[in-house]
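Read off the chains here:
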Amino acid sequence: MNEMAGFNRDTTADEVLAGIDLSGKVYLVTGASSGLGRETARVLASRGAKVIMAVRSPDKGEAAATAIRTVVPGAALDVRLVDLASLASVRAFTATLAGSYGGLDGIVANAGVMAIDHALTADGFEMQFGANHLGHFLLVNRLAPLLEARAPSRLVVMTSGAHRLHNVDLEDPNFRHKPYDRWDAYGQSKSANALFALAFDAHHRDAGVRAFTVAPGIITDTNLHHHLTQDDFAPLRRRQPEVANLPRKTLAAGAATMLWALVHPELDGLGGRFLEDCGFSEVNPDPRLPNGIMPWALDQAHAEAVWGLSERLVGEFFARTADSGVKTSATALPSSAAVASGLSVNRQPSTNRLQGRTLEVALEADGKTILEFLPDGVLRWRGLPGLALDQSGFCPVDVVEAAPDVLLIVAMLPAQGRETMAIVLDLSTHHVLFVASQLADGRRPFERKTRVTQRFTKGQIRSSRPSLQSSAPEPTRDLIGTRAIYRYSEDTVYEHLYLNTHWYSYQCLKGVRRGDCGTDEASYWKIRDDIYVVTWREILIDLAATFVYDMKARRSTGCAWGTPGGSPEPRHILTGAFFEKLKDAGYPADIELI
């Protein structure tokens with residue numbers, strides 16, 4: 001119990017904010033279309049605050065805002081769209097929000113998913129770790145300057161008693177090398193939430209921004225668990241037998257601790273604490289019991305390790321305004337990981353167009369490839385024409401319609417093989433181009449001219465329907481001499497010059513790598529009129545890429561792949577840009593050369 005204010009597990013959110021005037025304050029709440037997020041938005045608005053309601057569904061978001069306004073006439077609500085399972089969506093959201101608001105008095109990182117079947121985010125992360133933690137990690141860090149602008153301000157990160165089920169696995173957070181378990185994955189994501197708040201508080205307290213972790217308890221009126229059956233809950237009951245005896249809470253009581261952490265004056269000057277039932281939680285190392293803090297959630301060194309892992313995975317590094325005992329990347333020169341920053345903002349969205357289909361592809365040489373697109377973004381393959389692949393296997397897959405009826409399929413192969421596969425499928429002609437990329441052996445990276453090898457294999461879908469008569473993909477000289485500006489986002493702009501059939505040059509005109517330039521190996525293939533495939537291979541760092549160019553739409557969509565920033569295993573960086581050809585020596589008005 002909180003002895004200062006007398007609040008407890010039964011205290012409601014309205015009681016916590018009784019007598020508190022929030023006029024002129026601005027708060028951001030993620031997952032505000034239902035459940036605890038909507039209740040938090042309602043109570044904040046009732047005290048005069050403006051609430052930015054971050055939601056994934058526009059219809060549900062507007063419906064929630066309408067419901068709040070029926071009980072809080074004149075509520076100041078701003079419904080904004082963001083998908084925390086897409087780093088591109090988070091980057092677009094934060095960029096737009098930073099242009100609309102000069103500061104924030106607080107953020108409630110509330111949105112999330114719970115104990116779901118195995119699924120992947122748009123960036124290939126395990127869904128619970130990716131949406132619950134990495135999406136919020138990127139969103140909050142990108143908006144940290146807005147919190148500092150209105151300091152003293154606060155961050156509230158929602159966790160759960162389920163954090164007790166699993167610590168963050170620094171070696172395999174995405175369950176790529178171990179069996180997936182819905183409760184382990186959920187517990188890991190909730191531990192990551194708590195560790196993020198702990199580290200964020202340490203990094204920003206000197207700037208007047210404090211962070212808290214909140215476990216709201218078991219809430220009856222939320223959609224978080226409605227997809228789960230009694231059989232799904234059985235493993236949880238075996239692991240935590242007392243969870244069945246925990247008192248259930250209403251939304252009004254569940255949101256109370258969130259709002260206490262966010263605005264109550266008795267917490268002024270405090271931070272880095274784990275809160276339950278409107279009070280400070282106690283350490284409870286017994287994993288069979290369902291409440292209290294597991295010791296790992298208070299381990300500052302472990303929190304810093306999770307922070308570093310998260311930076312590498314999202315491809316962005318963030319300045320820290322307090323000395324947390326570790327060297328920060330803010331003063332370091334831009335690393336290769338900065339390549340990932342902002343590159344996915346203008347990418348075409350992924351599609352389920354192939355889900356449930358099986359494609360048999362006859363290869364130009366002897367042999368065939370079978371691609372079976374399973375639910376939840378999984379590809380079963382046989383006979384992929386790679387460089388050192390097994391005959392068959394499973395892997396996550398991303399599919400995007402990069403140009404009309406042209407699909408870019410990225411098979412995210414097991415990281416230990418240091419190989420990946422991009423497949424360009426022309427649905428109008430049934431032609432297929434396989435692009436296999438393999439990193440050099442990490443122990444002997446310079447045995448060959450570049451650190452990446454690529455192999456190109458042509459094929460055609462076997463189908464009862466005859467394909468249109470057209471040419472198969474072929475190497476092309478069409479792009480030689482082309483000079484263009486590529487806008488990956490408002491903040492990330494590159495210039496490319498295609499020198500000949502083997503090389504291209506680039507320079508970064510805007511972005512964290514501004515001024516960086518170089519020349520790398522490239523290959524160019526023509527799929528059909530106005531649609532090309534361009535691949536490149538970095539000379540000095542472990543990165544390769546495959547792009548589909550839609551010349552009519554002046555848009556490129558692709559995927560870079562490798563180990564940027566010294567990441568421990570290869571990862572995929574989904575990319576996309578709008579481009580414009582340059583016909584003279586000048587640059588667009590918004591480009592200023594160094």
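These figures come from a predicted structure and were not determined experimentally.

Caption draft 1: Quick peek at the overall build of the chain. Along its length, the chain carries nine helices and 27 strands. In the chain, which comprises 594 residues, the share counted as buried stands at 57%. In the chain, of all internal contacts separated by at least 6 residues, the share reaching a separation of at least 24 is 63%. Taken as a whole, the chain presents about 24100 Å² of accessible surface, with 50% of it coming from carbon and sulfur.

Caption draft 2: Spotlight on the sheet that holds strand 14 (residues 392-403). Taken in spatial order, the eight strands line up as 11-12-13-14-15-16-17-18 and close into a barrel, and their pairing is antiparallel. Strand-to-strand twist of the sheet, defined as the mean angle between neighbouring strand axes without regard to direction, takes the value 30°.

Caption draft 3: The arrangement of the side chain of T369 in detail. With respect to the secondary-structure elements, T369 resides in strand 12 (residues 368-374). Residue classification places T369 among the buried residues on the basis of a relative accessible area of 0%. Here G383 takes part through its backbone oxygen, which lies 2.7 Å from a polar atom of the side chain of T369. The contact partners of T369, leaving out residues within four places of it in the chain, are L359, E360, V361, L363, R382, G383, L384, P385 and F434.

Caption draft 4: Summary view of the packing of helix 6 (residues 182-204) against helix 9 (residues 300-314). At a minimum axis separation of 8 Å, helix 6 and helix 9 run at an interaxial angle of 95°. Classified by the angle between their axes, helix 6 and helix 9 sit roughly perpendicular to one another. Facing helix 6, whose interface residues are L195, F196, L198, A199, F200, A202 and H203, helix 9 presents Q300, H302, A303, E304, V306 and W307. In the contact of helix 6 with helix 9, the residues fall into nine nonpolar, three polar and one charged.

Caption draft 5: Structural detail: the pairing of strand 5 (residues 153-158). Within strand 5, six of the six residues are buried, which leaves the element mostly enclosed by the surrounding structure. Here strand 5 shows a buried face lined by S153, L155 and V157 and a second buried face lined by R154, V156 and M158. Note: strand 4 (residues 106-109) against strand 5, four bridges, orientation parallel. In the sheet register, I107 faces strand 5, and the bridge partner there is L155. As judged from the six bridges shared by strand 5 and strand 6 (residues 209-215), these two strands associate in the parallel manner. Of the residues in strand 6, the one forming a bridge with M158 is V214. Considered for its hand, the β-α-β crossover made up of strand 5, helix 6 and strand 6 is right-handed.

Caption draft 6: Quick look at the layout of surface pockets. Approximately 820 Å³ is the volume attributed to the second largest pocket. Residue lining of the second largest pocket: 38 residues in total, with T121, A122, S350, T351 and D398 positioned closest to the centre. Going through the elements one at a time, helix 4 (87-100), strand 12 and strand 14 are the ones with two or more residues in the lining of the second largest pocket. No other element matches the four residues that helix 4 contributes to the lining of the second largest pocket.

Caption draft 7: Region of interest: helix 5 (residues 127-149). If you check helix 5, its first and last C-alpha atoms are 32 Å apart, about what 23 residues at 1.5 Å a residue would give, namely 33 Å. Across the 23 residues of helix 5, 19 count as buried, placing the element largely inside the fold. Backbone nitrogen of Q128 and a side-chain oxygen of the N-cap are separated by 2.9 Å at the start of helix 5; the cap is E126.

Caption draft 8: Geometry of the packing of aromatic side chains. Inspection of every chain in the model, using the stated rule, returns 20 aromatic pairs. Ring plane angle 75° and centroid distance 5.8 Å describe the contact between F137 and F318, whose orientation is recorded as edge-to-face. Here F137, found in helix 5, pairs with F318, found in the loop between helix 9 and strand 11 (358-363); they are 181 residues apart in sequence, far enough to count as distant. Judged by relative accessible area, F137 falls into the buried class, the value being 0%. For the ring pair F175 and Y180, a centre distance of 5.5 Å and an interplane angle of 70° mean the geometry is edge-to-face.

Caption draft 9: Seen up close, the pattern of salt bridges. According to the stated counting rule, one finds 28 salt bridges in the structure shown. Notably, a salt bridge pairs D117 with R182, separated by 2.5 Å at the nearest N-O pair. Of the two residues, D117 sits in the loop between strand 4 and helix 5 while R182 sits in helix 6, which places them 65 residues apart along the sequence. In this structure D117 comes out as partly exposed when scored by relative accessible area, which is 48%. For R182, a relative accessible area of 18% gives the class buried. It is possible to trace a salt-bridge network through shared partners that takes in R9, K249 and D277.

Caption draft 10: Region of the structure containing the sheet that holds strand 5. With mixed pairing, eight strands are arranged side by side in an open sheet as 3-2-1-4-5-6-9-10. Two strands bound the open sheet, and with one partner strand each, they are strand 3 (76-81) and strand 10 (279-280). Contacts between helix 4 and the sheet are confined to strand 1 (26-30), strand 2 (50-55) and strand 3, with strand 3 contributing the most and set at about 150° to the helix. Contacts from helix 8 (residues 251-263) reach strand 1, strand 4, strand 5, strand 6, strand 9 (273-276) and strand 10, with the element oriented near 155° to strand 5.

Caption draft 11: Highlighting the nonpolar core. Core analysis: the largest hydrophobic core is formed by 45 residues, its most contacted members being L28, L104, L139, L143 and F200. Top element by residues in this core is helix 5. It accounts for ten residues. Contacts of L139, omitting those with residues within four sequence positions, involve L28, T30, V82, L84, V90, F93 and T94. Judged by nonpolar contacts, the second largest core, of 42 residues, contains I20, A65, L262 and L275.

Criteria and cut-off values
Along every chain, residues carry numbers that run from 1 in the direction the sequence is written. Per-residue local features are limited, in this predicted model, to residues with pLDDT of at least 70; the limit for side-chain atom pairs, both in listing and counting, is 80 or more; totals at the level of whole chains, interfaces and linings are taken over all residues. Processing note: side-chain calculations cover all non-hydrogen atoms of the structure and skip hydrogens and water entirely. Secondary structure elements follow DSSP: runs of H or I of four or more residues count as helices, runs of E of two or more count as strands, with numbering from the N terminus. Buried means the residue's accessible area, taken with a 1.4 Å probe over protein chains only, is under 20% of the maximum for its type, while exposed means over 50%, and partly exposed covers the values in between. Contacts: residue pairs with any heavy atoms within 4.5 Å of one another. Surface exposure here means Shrake-Rupley accessible area, sampled with a 1.4 Å probe, where a residue is shielded only by the protein chains that are shown. Only when DSSP finds a minimum of two bridges between them are two strands counted as paired. Every axis corresponds to a line fitted to the C-alpha atoms, with the helix fit spanning only the stretch in contact, and the corresponding angles, defined between N-to-C directions, vary from 0 to 180 degrees. Whenever a nitrogen or oxygen atom comes within 3.5 Å of another N or O atom, the pair is scored as a polar contact, on the condition that within protein one atom can donate a hydrogen and the other can accept it, and that pairs from neighbouring residues in sequence are kept only if both atoms are in side chains. Angles below 35 degrees are treated as roughly parallel, those above 145 as roughly antiparallel, those between 65 and 115 as roughly perpendicular, and all remaining angles as oblique. Residues are grouped as follows: nonpolar covers Ala, Val, Leu, Ile, Met, Phe, Trp, Tyr, Cys and Pro; charged covers Asp, Glu, Lys and Arg; every other residue, Gly included, is treated as polar. Assignment of crossover handedness uses the view with strands pointing away from the viewer, where a clockwise path from the first strand over the helix to the second indicates a right-handed crossover. Space inside and on the surface of the protein is sampled on a 1 Å grid over the protein atoms alone, with a cavity defined as a set of points where a 1.4 Å probe fits but cannot get out and a pocket as an open set with protein on both sides within 12 Å along at least 5 of 7 lines; lining residues have an atom within 4 Å of a point. Grid points are joined across faces, edges and corners, and a volume is the space filled by probe spheres set on the points. Expected span of a helix, by definition, is 1.5 Å for each gap between consecutive residues, and there is one gap fewer than residues. Side-chain rings of Phe, Tyr and Trp (the six-membered ring for Trp) are treated as a pair once their centres are within 6.5 Å; stacked means planes under 30 degrees apart, edge-to-face means over 60, and tilted covers the remaining angles. The salt bridge definition used is simple: a Lys or Arg side-chain nitrogen within 4 Å of an Asp or Glu carboxyl oxygen. Nonpolar cores were defined as sets of buried Ala, Val, Leu, Ile, Met, Phe, Trp, Tyr and Cys residues, with membership established by side-chain atoms within 4.5 Å.

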